[in-house]
Amino acid sequence: MPVVEICRKAGISQAACFKWKRYGGPLPDEMRRLTLLADENSPLKKIVADLTPAREMLQDVIRRKR
């Protein structure tokens with residue numbers, strides 16, 4: 001299987017893959033931890049994305065009042 005395909009399935013860049021290969025890479029426990037953190041981070045990113053437009057609108061209203 002080509003490296004590009006493996007990296008795509010793992011969700012990492014090719015540069016990260018080559019660095020890990022060169023320096024030994026993360027252990028399976030570390031990969032599990034990174035996956036768990038990514039899964040935990042995903043809903044938080046969605047919340048921030050939902051709140052960002054509202055925050056920008058409020059800041060725009062504040063700027064107009066000055």
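Residues numbered from 1 in each chain as written. Predicted model: local features only at pLDDT ≥ 70, side-chain atom pairs only at ≥ 80, totals over all residues. Heavy atoms only, no water.

**Q** What is the right way to read the packing of helix H1 (residues 3-10) against helix H2 (residues 14-23) from this model?
**A** Packing of H1 against H2 brings their axes to within 9 Å, and their N-to-C directions diverge by 100°. Judged by the angle between their axes, H1 and H2 are roughly perpendicular. Residues Val3, Val4 and Cys7 of H1 form the contact with H2, whose participating residues are Gln14, Cys17 and Phe18. Counted by class, the contact of H1 with H2 contains 5 nonpolar, 1 polar and no charged residues. (Axes fitted to C-alpha atoms, helices over the stretch in contact; angles between N-to-C directions. Helix = DSSP H or I, 4+ residues; strand = E, 2+ residues; numbered from the N terminus. Parallel < 35°, antiparallel > 145°, perpendicular 65-115°, else oblique. Contact = heavy atoms within 4.5 Å. Nonpolar A, V, L, I, M, F, W, Y, C, P; charged D, E, K, R; others polar.)

**Q** I'm lost on a nonpolar patch on the surface in this one. Help?
**A** A contiguous nonpolar surface patch, about 290 Å² in accessible area, is contributed by Leu44, Ile47 and Leu51. Position of Leu44 relative to the elements: it lies in helix H3 (residues 28-65). (Patch = residues over 30% accessible without salt bridge, like charges linked within 9 Å, V, L, I, M, F, W, Y side chains within 5 Å. Areas by Shrake-Rupley, 256 points an atom, 1.4 Å probe, with all protein chains shown as cover. Salt bridge = Lys/Arg side-chain N within 4 Å of Asp/Glu carboxyl O.)

**Q** Looking at this structure, how should I read the pattern of salt bridges?
**A** Two side chains with opposite charge may pair up if their charged atoms get near one another. With the rule as written, the count across this model stands at 3 salt bridges. For Arg32, the salt bridge goes to Asp29, with nearest N and O atoms at 2.7 Å. Highlighted residues: Arg32 and Asp29, both in helix H3, separated by 3 residues, approximately one helical turn. Judged by relative accessible area, which is 57%, Asp29 ranks as exposed. Between Arg64 and Asp60 there is a salt bridge, and its shortest N-O distance comes to 3.0 Å. Linking Arg64 with Asp60, this pair stays in helix H3, spanning 4 residues, or about one helical turn. Judged by relative accessible area, Asp60 falls into the partly exposed class, the value being 27%. (Buried < 20%, exposed > 50% of the residue type's maximum accessible area, 1.4 Å probe, protein only.)

**Q** When you look at the confidence of the model for the chain in this model, what are you seeing that I'm missing?
**A** Detailed reading of the predicted coordinates is not advisable wherever pLDDT is low. On average, residues of the chain carry a pLDDT of 88, and 100% of them reach 70 or more. The weakest mean pLDDT in the chain belongs to H2 at 83; the strongest belongs to H3 at 91. (pLDDT = per-residue confidence, 0-100.)

**Q** So what exactly am I meant to see when it comes to H3 here?
**A** At 3.6 residues per turn, the α-helix brings residues three or four places apart onto the same side. Given a rise of 1.5 Å per residue, 38 residues ought to cover 56 Å, and the 55 Å separating the end C-alpha atoms of H3 matches this to within 8%. At Leu51, H3 shows its strongest bend, of approximately 30°, with the proline Pro53 following within four residues. (Expected span 1.5 Å × (residues − 1). Bend = angle between axes of the 7 residues up to and from the residue.)

**Q** What am I meant to see in the environment of Asn41 here?
**A** Locating Asn41 in the fold gives a position in helix H3. The exposure class of Asn41 is partly exposed, given its relative accessible area of 36%. Sequence separation of Asn41 and Gln14 is 27 residues, and the distance between their C-alpha atoms is 22 Å.

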